[in-house]
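Each chain, letter by letter, is given below.
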Amino acid sequence: MTKILPNLMTPFVLFSLLLGAAGLTATHFMAVQFQEKIVTQQLDEAANKANLQIDSELDKFKQIPDLLSHDPRLLSYFDSSQRADKISAAQLNQLLFEWSNQSQADTIYIHDPSGTVVASSNYQQPRTFVGENFSFRPYFASAIQGNNTQYVALGARSNVRGYFLSSPLYIDKEIVGVITVKVSLENLENILTSDDFEIVVLDSNQVVFLSSQAPWLYHSLLPLTQQQQMDIALQRQYGQSEISIIEAFRPSRSQSEASNANQSSNLKSNEIRKELTANQLFKLGAFNLYPATISNNQYQVVALKETRAELIKILQIDVIFVVIYSLVMLIAWSWRQTYLAKVALTRLNQNLEQTVDKRTHYLKQSNQQLQQTLFQYQESQSKLKQTEQELTQTAKLAVLGELSASINHEINQPLAALRTYSENSLKLLEMERTDLVKSNLEKMIALNNTITDIIARLKVFTRKVTKQEHHVANLHQAVNNATSILSALMIKQGITLRLSTVPDDINIAIHPTELEQVLVNLIHNATQALQQQAIDQQTLLHQAEALQAIPQIGVEWQLHEDMCQVIIWDNGIGMPADKLEQLFDPFFTTKPEGLGLGLSISKRIIEAYHGSISATLLEPTGMVFSLNIPLYKVSD
């Protein structure tokens, strides 16, 4: 390691590092300035746009209090003279209700000089303002002094944010009451939604009363003075005693200081207090803030954007500079190394040519050996396939050998009947009973067809499979052929075959002869298991209930998307659970006279057609074999 470092610390490397550090510093500084300029422009546009939209919405209601304060019907309510057209309180409530509907204001209500509401447009609602005294609200205190006032607060009765517009009511230049129009702020938040920025609207105390983030409502961006906290509490402006700072804008502190954050912010509010300077970008917490100019409606719109996106872009620029600079230095280093390497390359060419000649000779020898090995492999594969086919054919003949007794019985019965009918026909001919002879001949022809069908099924089962044949099997035909071959054996042993009805339109992607071989192997194994069960009845006393059951073999089927599942089960003696894993191994058998090849060959046949075969135990006794074979799809 100590030898490598001096080799790396060359003048070229040191100069490259110093130049890169200076370039990275300059690039980082310019990237910061550029990003701040872009963010300032974006936030300026967002804040001014939101400011104009909110002003536009509120200006719709701004002139309503002043206009309604001159309505003679409203003023007649406060007229002390006994006029015939003086309006009643009920009529005044109805009048305010109509004005509210026409102007789309949330609520319009009238105060008497003490601040008590004498009429309101929501007089029919459960939380009506009628009878409530709002003298503590600044908008009333200012309006009763003769000023047109705007104010934002949380409704004391409705608990709904509102923007309150108040105007005094005059009769003969004397203030007799106040009219207030409450505009709901719930709908204004819809225009503040933005995917790139956050928009908050502050009141005169810099408390958030509109925001695209609901948790920020009724909190401040900066600490409030004790006087501001007291004023907000007395006016019940936001329904809470103390306004806290939004956590996202709280300065980082230790855990102990965080627990006393509210107390310290009140005690030192004059020291850490900052004003939100309009049209100026500054950072607060994890955000960039850009306050717009305070509106004529006495609120201030602030656009915010997280600094994380800005930092990521600056880091991306830094990374790009490092990558580009590294590539340039790498190119310069490579050019220098290339020049030095040309000399060494010239020297190596001569040695390389000699080495290539030796390698070429060696590769030729290796290629010849590889070709010879490949030829031997192909020859071995051909012999293996031939051996596998012969083994498969041997397994078929082995099954037929085991079934020879039942097949012989199945053929001998019609042959004996043929002999009887023939002898009977000779006697009937002597008696000239031609009608009965004809009947015997017809029966002999039917028996001959029976023998022909039996031999045909065996010929189809024993024939060899060729590659040229079309690999599609009809499930209905395959099941019928397999069960027909074993029907005599099952009848002889008293086995009941539970065969589900198979439609004749289910075609499977497998050679029909190989499918019949697999079915015959499995059903024949089931008959042997049931036969062994009958022999072992007296020794298997713990399975007494199962031994009393009728021996049965079932063949069922199911379709699963592009696969066909064939299920073959029996209620025979089954096998130990620890032997299931060896069931499909070659030469594994539980029968003394068995070869152990039937299930192994069946598995190879099914898997050769992209299928699968599995075996499970059937409770209380027996086995279940499941074949999953792809359905045949007709190509376009």
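Since the structure is predicted, the reported quantities are computational estimates derived from the model, not experimental observations. (Residues numbered from 1 in each chain as written. Predicted model: local features only at pLDDT ≥ 70, side-chain atom pairs only at ≥ 80, totals over all residues. Heavy atoms only, no water.)

1. Some remarks on the overall build of the chain
- The number of helices and strands found in the chain is 17 helices and 17 strands.
- Across the 636 residues of the chain, 39% fall into the buried class.
- Taking the intrachain contacts of the chain between residues at least 6 apart in sequence as the baseline, contacts between residues at least 24 apart amount to 63%.
- Looking at the chain as shown, the accessible area adds up to about 37600 Å², and 55% of this sits on carbon and sulfur atoms. (Helix = DSSP H or I, 4+ residues; strand = E, 2+ residues; numbered from the N terminus. Buried < 20%, exposed > 50% of the residue type's maximum accessible area, 1.4 Å probe, protein only. Contact = heavy atoms within 4.5 Å. Areas by Shrake-Rupley, 256 points an atom, 1.4 Å probe, with all protein chains shown as cover.)

2. What about the environment of Pro126?
- The topology assignment puts Pro126 in the loop between β2 (117-120) and α6 (138-143).
- The spatial distance from the C-alpha of Pro126 to the C-alpha of Ser158 is 9.8 Å, given a sequence separation of 32 residues.

3. Points about the environment of Phe587
- Here Phe587 lies in the loop between β15 (563-570) and α17 (598-608).
- Residue classification places Phe587 among the exposed positions, given a relative accessible area of 61%.
- Sequence-wise, Phe587 and Leu599 are 12 residues apart; in three dimensions their C-alpha atoms are separated by 9.4 Å.

4. Points about the pairing of strand β17 (residues 623-630)
- Of all eight residues making up β17, eight are buried, and the element is well covered by its neighbours.
- Alternating positions in β17 separate into two faces, Met623, Phe625, Leu627 and Ile629 on one and Val624, Ser626, Asn628 and Pro630 on the other, with burial throughout.
- The pairing of β15 with β17 spans eight bridges and is classified as antiparallel. Across the sheet, residue Asp570 finds its bridge partner in β17, namely Met623.
- Sheet topology places strand β16 (residues 612-617) next to β17; six bridges connect them, and they run antiparallel. Paired with Thr616 across the bridge in β17 is Val624. (Pairing = 2+ DSSP bridges.)

5. Here we look at the packing of helix α15 (residues 512-535) against α17
- Relative orientation of the contacting elements α15 and α17 amounts to 145°, with a least axis distance of 10 Å. Relative to α17, α15 is oriented so that their crossing is left-handed. Every residue of α17 that contacts α15 at Glu514, Gln517, Val518, Asn521, Leu522 and Asn525 is listed here: Gly598, Leu599, Ile601, Ser602, Ile605 and Ile606.
- For the contact of α15 with α17, the per-class residue count stands at six nonpolar, five polar and one charged. (Axes fitted to C-alpha atoms, helices over the stretch in contact; angles between N-to-C directions. Left-handed = near helix turned anticlockwise from the far one by under 90°. Nonpolar A, V, L, I, M, F, W, Y, C, P; charged D, E, K, R; others polar.)

6. So, the pattern of salt bridges
- Counted under the stated rule, the structure contains two salt bridges.
- In this structure, the salt-bridge partner of Lys603 is Glu607, at a minimum N-O distance of 4.0 Å. Highlighted residues: Lys603 and Glu607, both in helix α17, separated by four residues, approximately one helical turn.
- Overall, the relative accessible area of 28% leaves Lys603 in the partly exposed class. (Salt bridge = Lys/Arg side-chain N within 4 Å of Asp/Glu carboxyl O.)

7. Comments concerning the pairing of strand β5 (residues 174-184)
- By the criterion of burial, β5 is predominantly enclosed, with eight of the 11 residues buried.
- Two successive antiparallel strands, strand β4 (residues 161-171) and β5, enclose a turn made up of two residues, where Asp172 displays a positive phi of approximately 55°.

8. Topic: the UniProt feature "transmembrane region" (unreviewed entry) in the chain
- The UniProt record annotates "transmembrane region" (unreviewed entry) at residues 314-335.
- Here residues 314-335 is 100% helix and 0% strand, with 31 Å between the C-alpha atoms at its ends. (UniProt positions renumbered as here; feature names shortened; annotations may be inferred.)

9. Considering α15
- End to end, α15 covers 35 Å across 24 residues, agreeing with the expected 34 Å (1.5 Å per residue, within 8%).
- Most of α15 is tucked away: 18 of the 24 residues are buried. (Expected span 1.5 Å × (residues − 1).)

10. Considering the packing of aromatic side chains
- By the definition in use, this model includes nine aromatic pairs.
- Between Phe584 and Phe625, the ring centres sit 6.5 Å apart and the planes meet at 90°, which makes this aromatic pair edge-to-face. Residue Phe584 is found in the loop between β15 and α17, and its partner Phe625 is found in strand β17; the two are separated by 41 residues along the sequence. Each member of the pair, Phe584 as well as Phe625, carries the same accessibility label: buried. (Phe/Tyr/Trp six-rings, centres within 6.5 Å; stacked < 30°, edge-to-face > 60°.)

11. What about the packing of helix α14 (residues 475-492) against α15?
- Remark: α14 packs on α15, axes separated minimally by 9 Å, with the N-to-C direction vectors making an angle of 30°. Compared by their axis directions, α14 and α15 come out roughly parallel. Two packed elements cross with a definite hand, and for α14 against α15 that hand is right-handed. Contacts between α14 and α15 involve Ala478, Val479, Asn481, Ala482, Thr483, Ile485, Leu486, Leu489 and Met490 from the first element and Leu515, Glu516, Leu519, Val520, Ile523, His524 and Thr527 from the second.
- Looking at the contact of α14 with α15 residue by residue, the classes come out as 11 nonpolar, four polar and one charged. (Parallel < 35°, antiparallel > 145°, perpendicular 65-115°, else oblique.)

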